[in-house]
Every structure is written in C-alpha cells, then in structure tokens.
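Results of the structural survey
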Amino acid sequence: MKWITREKVKVDRVACPWLIRKFIDPDAVFVFLPKETDWSTVVGGTVFDVPGCELGHHGEDVSFDSILKKYSLQDPALGLMAEIVRAADSNPANPHIAGEGLRWIAHGFSRLGFTDHEILDREFVVYDALYLECQERLESQGRAPQ
C-alpha cells in the first residue's frame, strides 16, 4: 500500500512509517509531498500527518496516536511510545520526559542532509531501540501483557 505525507520528516513522520512497517504494512511505500500540496486532491494512497486528515493530529493526539486507534494496536509498549512521540512532536499538558531527547534526535537527523527516505532508513533503528526500551520498562513495572 502507498502511504502519503509531507516532506521534511522529523518526529511523527518518522514514527508513523516505523509503526506502519512494523505492525500494519511491512511492504508499505512512503511518498513525501510538499507542505503546500492540496491534500484534498491526493488519491491513490493513505494520507497521514497532514492537516485535516483522519490519521493526523486531533486534540493532544498526534498521528502516531491516530494510527494506533484506527488499527486497534493495543500493545502497551506502543502506548508508551505514543506518549514519548506526542511529547516530542507537540505540546501535551503532561509531556513524557523522554520526548525532549527524541525531539533532539529527530531534529539532528534532519540537519544531516539526508532525503526523507534516507532518514527513515537510518532512524528506524532508533524506534526499534525505543520500542524495546518501552517493553523493558513496562515489564520491570509489571505492566507488560502476559
């Protein structure tokens, strides 16, 4: 399936492709269009993290949250990751402390001069590591699924 979003990826537009590839569509193809695109005219794929779309920001939720909800992904580690992504990508009332570090990493990657696809290729390992750390922390708190 083709997934379409804005170019110049940072936090949510890297976290969402990672989530999509790992848990929804392992063969996903990502297309990055200019911010000025008339999103209402885009067809031939699933639009995410653009203004006014279903898989976008809603209240304090970021696109990562919207995708978790739409695809009924209940993994507690993904829920914890959502808190961190939300803190890194927006300004929630009670931001997770790890969000600021993730924001720094994402902005650093954007300064390396890579294309959006190159950033995904290189940064997915960060999200793999974050996911494993979220699982470990939840297990140590006795909050992981049995």
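Quick note: structure is the one above.
In what follows, the accompanying structure is described. The structure presented is a predicted model; accordingly, all values stated were derived computationally and were not measured. (Residues numbered from 1 in each chain as written. Predicted model: local features only at pLDDT ≥ 70, side-chain atom pairs only at ≥ 80, totals over all residues. Heavy atoms only, no water.)

1. A few points about the pairing of strand β1 (residues 2-6)
Judged by how many residues are buried, β1 sits mostly within the fold: 4 of 5 residues are covered. Bridge count for β1 against strand β2 (residues 29-33) is 5 bridges, and the pairing is parallel. Note on β2: the bridge partner recorded for Ile4 is Val31. In this region the chain leaves β1, passes through helix α1 (residues 12-23) and returns to the parallel neighbour β2; the handedness of that crossover is right-handed. (Buried < 20%, exposed > 50% of the residue type's maximum accessible area, 1.4 Å probe, protein only. Helix = DSSP H or I, 4+ residues; strand = E, 2+ residues; numbered from the N terminus. Pairing = 2+ DSSP bridges. Right-handed = clockwise from strand over helix to strand, strands pointing away.)

2. Looking at the nonpolar core
Within the largest apolar cluster, 37 residues are counted, with the highest numbers of intra-cluster contacts made by Trp18, Phe64, Met81 and Tyr127. Of all the secondary-structure elements, those providing two or more residues to this core are α1, β2, α2 (63-70), α3 (76-89), α4 (99-110) and α5 (116-140). Residues within four places of Met81 in sequence aside, it is in contact with Trp18, Phe64, Tyr127, Leu130, Tyr131 and Cys134. Within the second largest apolar cluster, 6 residues are counted, among which are Ile4, Trp39, Val42 and Val47. (Core = buried A, V, L, I, M, F, W, Y, C linked by side-chain atoms within 4.5 Å. Contact = heavy atoms within 4.5 Å.)

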